[in-house]
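The chain contents come next:
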Amino acid sequence: MIDPTRTRLRGTFAAFAALSAGAMILTGCGTSVTADTTGTADSDDLITVANCEREIVLDGPPEAVVGMHPAQTELLLRLGLADRLVGQAQSTAQALPDDVAALAEDVPVVGETMPPSREDLLSVEPDFVYSPTTYEFTAEQGFASIEQLEQAGAAVYVAAGGCKERRMDGEVTDLFLDLENLGTIFGVEDAAADLIAESEADLEAVSAAVSDVDRLRVAQVYVEGSTLQGIGAGIEYDILRSAGADGIFTPEQPAFAGFFAATVSPESLAAEEPDALVFSVYDDAHEAATREYLTSTFPDMPAVRDDRLIAVSSADMFPGTLGNIEVVRQIAEALYPDEF
C-alpha cells in the first residue's frame, strides 16, 4: 500500500530538485509589501506584494483564503483570520495545535495528505492562497498552477523561505518577513507584530542558553528505506546553527551547492564521527525505522553510543512555519539539556 504522506515528501524533494535545475520559473525571494503608487486614480488603495519574483497586486484584504499546509493555516488562525478561511489543505500532514484547532473545525478540507487537486482547490473559489513552497502548484501533479489560480482571481503567496532563490540560504527569521507581509495584506499588523516578538524572544532565549557551550558536531540526515541523505543548506541548516550546533554538512560544501540535500554514503558519514544526528520524520513508523537504520548501521558512532538521535517533525522543517522556532529549541534542549 502506498503511503500518501511519504509520496508527498518524495514529491517535495523532487520538486525542490526541479527548482534547483531551473524547471520552475515562478520562484525567487520573498520581499516586503509596499503601497503601489502607479496606475489608476485608486492606486493609493492598492497593495503590491513582491513574492517569489512576482508582483501581487491586491485591491483590498482577501476574503476567501486557503492555507495550503497546517503550518500556514495555523499562522492565519493566530492572526485572527479564521472567518476568512474557505479551505485548509494537507490537513492530516500535521495536527493543528490544541489552542487553535477548534477555530478550523468548520473550515472545509480541500486536501488531506497531499495538496488539493486543481478542481478541489478552485471549487472553494479562493481569492488568496498561502503556501509553504511552490511544490503545491506543480501542474504536472494535477495541482492548480500559480497562473491558473491567478486567472481564477486568486492571489498566491509563497513563504519567503520556500522560494527558489531563498531556498538554499534561507533562515529561520524569514518567517518574520512573511508575518510582516501578511499583517499588511490583511490589516492585522498588531497581531503579526505580537507573533514576531514572541518568536524573537524564543530564539533569543535559546541563543543565550547555548552561547557558552562547547558546540557539538551534528549531522542532519533524512533516511528513506536504505537511502541516506545529508541535509546541508537552507532553513534546515540555519535551524541547526541557531540551536548551537556545528553542522557537519554545510552550504559551502560542493555537494550542497545546488540543492539542500545530497545522497551520502554510510562510510562517509561514519568517518565524520558526529556527536549527534538530527533526522526528520513524517510519522511514528518512519521514526522507528530511521532509528533502527541508524543504530544498526552506525553502532560505534558517538551519536549512537551517547544516544543523541534527535527526531524532528518533517512538517516543522517546512519553510515559513512557527515550527521552525519550536524545532530550534527542541534540538538545543536535546543537545545541551543542562543549559535549560
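See the structure printed just above.
None of these values were measured; they are calculated from a predicted model.

## Examining unusual backbone geometry
In this model, Glu 125 sits at a positive phi of 55°, which is unusual for a non-glycine residue. Looking at the secondary structure, you find Glu 125 in the loop between helix 4 (118-123) and strand 6 (128-131). Residue Asp 307 is not a glycine yet carries a positive backbone phi of 55°. For Asp 307, the location among the structural elements is in the loop between helix 12 (302-305) and strand 13 (309-313).

## Section: the side chain of Thr 133
Note that Thr 133 resides in the loop between strand 6 and helix 5 (146-151). Taking relative accessible area as the criterion, Thr 133 reaches 2% and is therefore assigned buried. Of the polar contacts made by the side chain of Thr 133, one reaches the backbone nitrogen of Tyr 135; its length is 3.1 Å.

## A word on the pattern of salt bridges
Between side chains of opposite charge, a pair can form as their charged atoms come close. Scanning the model with the defined rule gives 13 salt bridges in all. One salt bridge connects Glu 236 with Arg 167, and the closest N-O pair in it is separated by 2.7 Å. Taken together, the positions of Glu 236 in helix 9 (residues 234-242) and Arg 167 in helix 6 (residues 164-167) put the pair 69 residues apart, joining distant regions of the chain. Here Glu 236 and Arg 167 have matching classes, each one buried.

## Details of the environment of Ala 191
Relative to the assigned elements, Ala 191 resides in helix 8 (residues 189-209). With twelve residues separating them in the primary sequence, Ala 191 and Leu 179 have C-alpha atoms 9.1 Å apart.

## Thoughts on a negative patch on the surface
Together, Glu 189, Asp 190, Asp 194, Glu 198, Asp 202 and Glu 326 give the surface a local cluster of negative charge. Considering each element in turn, the negative patch owes the most residues, five residues, to helix 8. Here Asp 202 is to be found in helix 8. Among the residues examined, Asp 202 registers a relative accessible area of 38% and is labelled partly exposed.

## Examining the state of the cysteines
Across all of its chains, the model carries one disulfide by this definition. The disulfide partner of Cys 52 is Cys 163, and the gap between their sulfur atoms is 1.9 Å. On the S-S bond that ties Cys 52 to Cys 163, the torsion sits near -80°, and the link is left-handed. With Cys 52 in the loop between strand 2 (47-51) and strand 3 (54-58) and Cys 163 in the loop between strand 7 (155-158) and helix 6, this residue pair connects regions lying 111 residues apart in the sequence.

## Here we look at the packing of helix 8 against helix 13 (residues 322-335)
Where helix 8 meets helix 13, the axes come as close as 10 Å, and the angle between the chain directions of the two elements is 20°. As far as their axial angle goes, helix 13 and helix 8 are roughly parallel. Helix-helix and strand crossings are classified by hand; for helix 8 and helix 13 the assignment is left-handed. Contact with helix 8, carried on its side by Ser 199, Asp 202, Leu 203, Ala 205 and Val 206, involves Leu 322, Ile 325, Val 328, Arg 329 and Ala 332 of helix 13 and no other residues of that element. Of the residues in the contact of helix 8 with helix 13, the class split is seven nonpolar, one polar and two charged.

## Observations regarding the side chain of Asn 51
Within the element layout of this structure, Asn 51 appears in strand 2. Within polar-contact distance, the side chain of Asn 51 engages the backbone oxygen of Val 158 at 2.8 Å.

## Some details on the pairing of strand 12 (residues 276-281)
With six of its six residues buried, strand 12 lies for the most part within the structure. Side chains of strand 12 alternate between two faces, with Ala 276, Val 278 and Ser 280 and Leu 277, Phe 279 and Val 281 buried alike. Across four bridges, strand 8 (residues 217-224) lies against strand 12 in parallel orientation. Bridge assignment links Val 221 to a residue of strand 12, and that residue is Phe 279. Note that strand 12 and strand 13 share five bridges and pair parallel. Residue pairing for strand 13: Leu 277 is matched across the bridge by Leu 309.

## Some remarks on the packing of aromatic side chains
For the coordinates displayed, the defined rule picks out six aromatic pairs. Between Phe 259 and Phe 260, the ring centres sit 4.9 Å apart and the planes meet at 55°, which makes this aromatic pair tilted. Since its relative accessible area comes to 15%, Phe 259 is described here as buried. Given the relative accessible area of 3%, Phe 260 is considered buried. Here Tyr 293 and Phe 298 contribute two aromatic rings whose centre-to-centre distance is 6.4 Å and whose plane-to-plane angle is 85°, an arrangement assigned as edge-to-face. Sitting above the plane of the Phe 260 ring, Arg 167 keeps its charged end 4.1 Å from the centroid.

## Side note on the nonpolar core
With 54 residues, the main nonpolar core has Phe 128, Phe 186, Ile 331 and Leu 335 as its most contacted residues. For this core, the element with the most residues is helix 13, which contributes seven residues. Not counting chain neighbours up to four residues away, the residues in contact with Ile 331 comprise Ile 239, Leu 240, Ala 243, Val 278, Ile 310 and Val 312.

## Quick look at the sheet that holds strand 5 (residues 85-88)
Taking strand neighbours across the sheet as the criterion, the four strands line up as 5-4-6-7 in an open arrangement whose pairing is parallel. At either margin of the open sheet sits one strand with a lone partner, and together these are strand 5 and strand 7. Between one strand axis and the next, the sheet turns through 20° on average, direction left out of account. Across three bridges, the pairing between strand 4 (residues 65-67) and strand 5 is parallel. Among the inter-strand pairings, Val 66 is bridged to a residue of strand 5, identified as Gly 87. The strands touched by helix 7 (residues 174-186) are strand 4, strand 6 and strand 7; relative to strand 6, the strand with the most contacts, the crossing angle is about 170°.

What counts and how
- Residues numbered from 1 in each chain as written.
- Predicted model: local features only at pLDDT ≥ 70, side-chain atom pairs only at ≥ 80, totals over all residues.
- Heavy atoms only, no water.
- Helix = DSSP H or I, 4+ residues; strand = E, 2+ residues; numbered from the N terminus.
- Buried < 20%, exposed > 50% of the residue type's maximum accessible area, 1.4 Å probe, protein only.
- Polar contact = N/O pair within 3.5 Å; in protein donor to acceptor, adjacent residues only side chain to side chain.
- Salt bridge = Lys/Arg side-chain N within 4 Å of Asp/Glu carboxyl O.
- Patch = residues over 30% accessible without salt bridge, like charges linked within 9 Å, V, L, I, M, F, W, Y side chains within 5 Å.
- Areas by Shrake-Rupley, 256 points an atom, 1.4 Å probe, with all protein chains shown as cover.
- Lys, Arg positive; Asp, Glu negative; His and termini not counted.
- Charge placed at Lys NZ, Arg CZ, Asp CG, Glu CD.
- Disulfide = S-S within 2.5 Å.
- Axes fitted to C-alpha atoms, helices over the stretch in contact; angles between N-to-C directions.
- Parallel < 35°, antiparallel > 145°, perpendicular 65-115°, else oblique.
- Left-handed = near helix turned anticlockwise from the far one by under 90°.
- Contact = heavy atoms within 4.5 Å.
- Nonpolar A, V, L, I, M, F, W, Y, C, P; charged D, E, K, R; others polar.
- Pairing = 2+ DSSP bridges.
- Phe/Tyr/Trp six-rings, centres within 6.5 Å; stacked < 30°, edge-to-face > 60°.
- Lys NZ or Arg CZ within 6 Å of the ring centre and 35° of its normal.
- Core = buried A, V, L, I, M, F, W, Y, C linked by side-chain atoms within 4.5 Å.

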